[in-house]
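Each chain is listed here by its residues.
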Amino acid sequence: MATTPADTDAEIEQLEGTLRGELIHADEPAFDDARTIYNAMIDKHPQLIARCANVADVIEAVTFGREHGLETAICSGGHNGAGLGMVDDGLVIDLSEMTGIRVDPDARTATVEAGSTWGDVDHATHQFGLATVSGVISTTGVAGLTLGGGHGYLTRKYGLSIDNLLGADIVLADGRLVHASEDENPDLFWALRGGGGNFGVVTSFDFQLHPVETVVAGPLFWPLDELETTMRWYRDWLTEAPEDVYAFYLIAEVPGDPFPPEIHGEKVCGLMWCYLGPEEEFDNVIQPARDIADPLFEHVDPMPYPALQSMFDDLYPSGDQWYWKGDLVETLTDEAIAEHERFAAVPTPKSTMHLYPVDGAVDRVDDDETAWAHRDATWSMVIAGVDPDPYKRDRITNWARDYWEAVHPHTVGGSYINFMMEEGDERIQASYGDNYERLQEVKATYDPDNFFHVNQNIEPAP
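Scoring rules and cut-offs
- Residues numbered from 1 in each chain as written.
- Predicted model: local features only at pLDDT ≥ 70, side-chain atom pairs only at ≥ 80, totals over all residues.
- Heavy atoms only, no water.
- Helix = DSSP H or I, 4+ residues; strand = E, 2+ residues; numbered from the N terminus.
- Rg over C-alpha atoms; globule rule 2.2 N^0.38 Å.
- Buried < 20%, exposed > 50% of the residue type's maximum accessible area, 1.4 Å probe, protein only.
- Contact = heavy atoms within 4.5 Å.
- Areas by Shrake-Rupley, 256 points an atom, 1.4 Å probe, with all protein chains shown as cover.
- Lys, Arg positive; Asp, Glu negative; His and termini not counted.
- Charge placed at Lys NZ, Arg CZ, Asp CG, Glu CD.
- Salt bridge = Lys/Arg side-chain N within 4 Å of Asp/Glu carboxyl O.
- Polar contact = N/O pair within 3.5 Å; in protein donor to acceptor, adjacent residues only side chain to side chain.
- Pairing = 2+ DSSP bridges.
- Axes fitted to C-alpha atoms, helices over the stretch in contact; angles between N-to-C directions.
- Expected span 1.5 Å × (residues − 1).
- Patch = residues over 30% accessible without salt bridge, like charges linked within 9 Å, V, L, I, M, F, W, Y side chains within 5 Å.
- Arc of directions from axis to C-beta.

For the protein chain, the helix and strand inventory stands at 14 helices and 19 strands. The C-alpha radius of gyration of the protein chain comes to 22 Å, within 12% of the 23 Å expected for a compact globule of 462 residues. Once the C-alpha set of the protein chain is aligned to its principal axes, its extents read approximately 70 × 50 × 40 Å. A total of 462 residues make up the protein chain; the buried ones form 58% of that total. Contacts spanning at least 24 positions in sequence make up 73% of the contacts within the protein chain whose residues lie at least 6 apart. For the protein chain, the accessible area works out to roughly 18,000 Å², and carbon and sulfur atoms hold 46% of it. Within the protein chain, one finds 27 positive and 83 negative side-chain charges whose respective centroids are separated by 2 Å.

Bringing the pattern of salt bridges into the picture now. For the structure shown, the criterion picks out 23 salt bridges. For the salt bridge of Arg66 with Glu67, the shortest nitrogen-to-oxygen distance reads 3.9 Å. Taken together, the salt bridges that share partners define one network made up of Glu228, Arg232, Arg235, Asp236 and Asp334.

Among the secondary structure elements, Asp320 is positioned in the loop between helix 10 (305-309) and strand 17 (321-329). The exposure class of Asp320 is buried, given its relative accessible area of 4%. A distance of 2.8 Å separates a polar atom in the side chain of Asp320 from a polar atom in the side chain of Lys350. Residues in contact with Asp320, not counting those within four places in the same chain, are Tyr38, Asn39, Ala40, Met41, Leu315, Lys350, Val386, Asp387 and Pro388.

This part covers the sheet that holds strand 4 (residues 91-94). Pairing is mixed across the open sheet formed by four strands, whose spatial order is 1-2-4-3. Strands with a single pairing partner mark the edges of an open sheet, and in this sheet they are strand 1 (22-25) and strand 3 (72-75). Within the sheet, the average angular offset between the axes of one strand and its neighbour, ignoring direction, is 20 degrees. Of the strands in this sheet, strand 1 and strand 2 (48-51) are in contact with helix 1 (residues 9-18), which crosses strand 1 at around 145 degrees.

Moving on to the sheet that holds strand 10 (residues 201-208). With antiparallel pairing, the five strands of this open sheet are ordered in space as 5-6-10-8-9. Both edges of this open sheet fall to strand 5 (101-104) and strand 9 (177-181), since each of them pairs with a single strand only. Pairs of neighbouring strands in the sheet enclose a mean axial angle of 15 degrees, with direction left out of account. Bridge analysis of strand 8 (residues 165-171) against strand 9 gives five bridges, and the strand direction is antiparallel.

To continue, consider helix 12 (residues 393-407). Over its 15 residues, helix 12 runs 22 Å from end to end, which matches the ideal 21 Å to within 8%, given 1.5 Å per residue. Where helix 12 is concerned, the buried positions are Ile396, Thr397, Trp399, Ala400, Tyr403, Trp404, Ala406 and Val407. In this fold, the buried residues of helix 12 make contact with strand 13 (245-253), strand 17, helix 11 (334-342), strand 18 (352-357), strand 19 (379-387) and helix 13 (425-432).

Together, Glu330, Asp363, Asp366, Asp367, Asp368, Glu369, Asp376, Asp434, Glu437 and Glu441 make up a negatively charged patch on the protein surface. Among the structural elements, Asp366 can be located in the loop between strand 18 and strand 19.

Every buried residue of helix 14 (residues 436-446) is listed here: Tyr436, Leu439, Gln440, Val442, Lys443 and Tyr446. Looking straight down helix 14, one finds its buried side chains confined to an arc of 165 degrees; they lie on one side. Residues of helix 14 that are buried sit in contact with helix 7 (186-192) and helix 13.

Spelled out as C-alpha cells, the structure:
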C-alpha cells in the first residue's frame, strides 16, 4: 500500500536532500514530462520520481521505497510496452541520467550504465568498429531489453544480448550493491539473463563486443498477395542460410518518405535484411528472394551499423499508442501461414507483424544455461497495433489480440517477455518453461518479499 505524502513529508525532504539527482513530485511542472514514457497508451501517475545520478542514489531510492511500503517501478529507456517502468501512486526509480559508457577496444568489452539507450552504445562502440547484440530501434533502453533476453540484427551470428553479457552490478531489495557474473553470485547472474527486472536494480552491464562496422541492409517488399508464397519460402530458406545472413519477415503498410510516392500506403509483406559477410557476395544471398516473387520495392545497401540500428527511429517515435502481443515460434506451419494471411491487412499505417530470427548462435546455448528457456524457437514474433491517434486504440488493440489468438496455437506457447503486455502468471510461466521454478528459488534468495514486483513478475518460492 502506498504511503500518502502527508505521512512522509519529513522523510521525503530527507531523501531529496540526500540524492545527487532530482526528486520530482507530482505537483511540480516537470512531473508530466517525467512520467511520460514511450507508449502513449500508458497513463500512470506516481507519487515520486527519483531521477538517479549514480549508484548511491539508487541505493537511497530502493531503501526509501522499501521502508515506506511504496509500489516501486524501475525505468531506464521507458520502452516497455506494458508500461512496467511506471506505477500509480508509488515511486519510480528513473535511471535515464545514468548513461556512462566505457569501451575497452583491446578486450572488446563495454561497461554500460543502465540509463543508456542502444543508440548511446552504438555511438560509443562504432568508433572502434565494434558492436554487441541489441534491438532494432536505437532509442530503446539497454536495461529492459537485455534483462528480457534481447535480440536483434546480430542475433543469428552472436546470440542474444544475454549471451553477450559478462557481468552486471545490481542493487538488491535490501540496499546492497553486488556484482553478478559467472564467478560472483552465479545464481543471480543466471537469473538476470532473461529473468527481467525481478531481482533488483541493475546499474551497469558488462558486454562482449564483436567486430561489426559496415553491414549490407535495408528492406525488400513484395505485394501482400504474395504472402503465402513468400512466407513458405522464407520458412525453409532461413534455417539453411549462413549465420552472416539475418532477415526478419514483416507485414506492414508502406509509409511516406523516403519511399517512392507510387507505393505510399501499399500493404506489403517483405524482409528487413542485415548481412555481415563480404559485400560482393550479397547478391547471391538476396537473389532467391527476388526469384520467389517479383519485389515491389528493394533498397538494400552497405551502411554503417548504427545507421541500420536507427532506421526505424523516425517511423516509431515516442508518443504513439502501442498494443502488442508476442510468441516464440519453432515452425511456421501451413495453418499458421493461412492465419497470417487472414490478418495481414494492417489496421493502421504503423501497425505491423515481425518474425525475428532467434536461431543460429542462440541454438548453441542450452535451455538451462540462462533464464531464457526456449532455445529451440526459430522466431520471436511480435504483433504490434500502433497509431498516434488515441481514438484508434480499440482498433489496434482488437486487431493485435485477434491476430495473436489465431496464430498462438501454432507457437511454442511462451513469449519473449519484452513483447508481453500484462498477461498474467500463466503466460509468464509458459515463457520460462522448465526454468520457472529455479527462477522462483533465486527470487526467494535475493528478493524474498517480492519488493520488485512491478514487472513480468516471478513470485518467490515458498
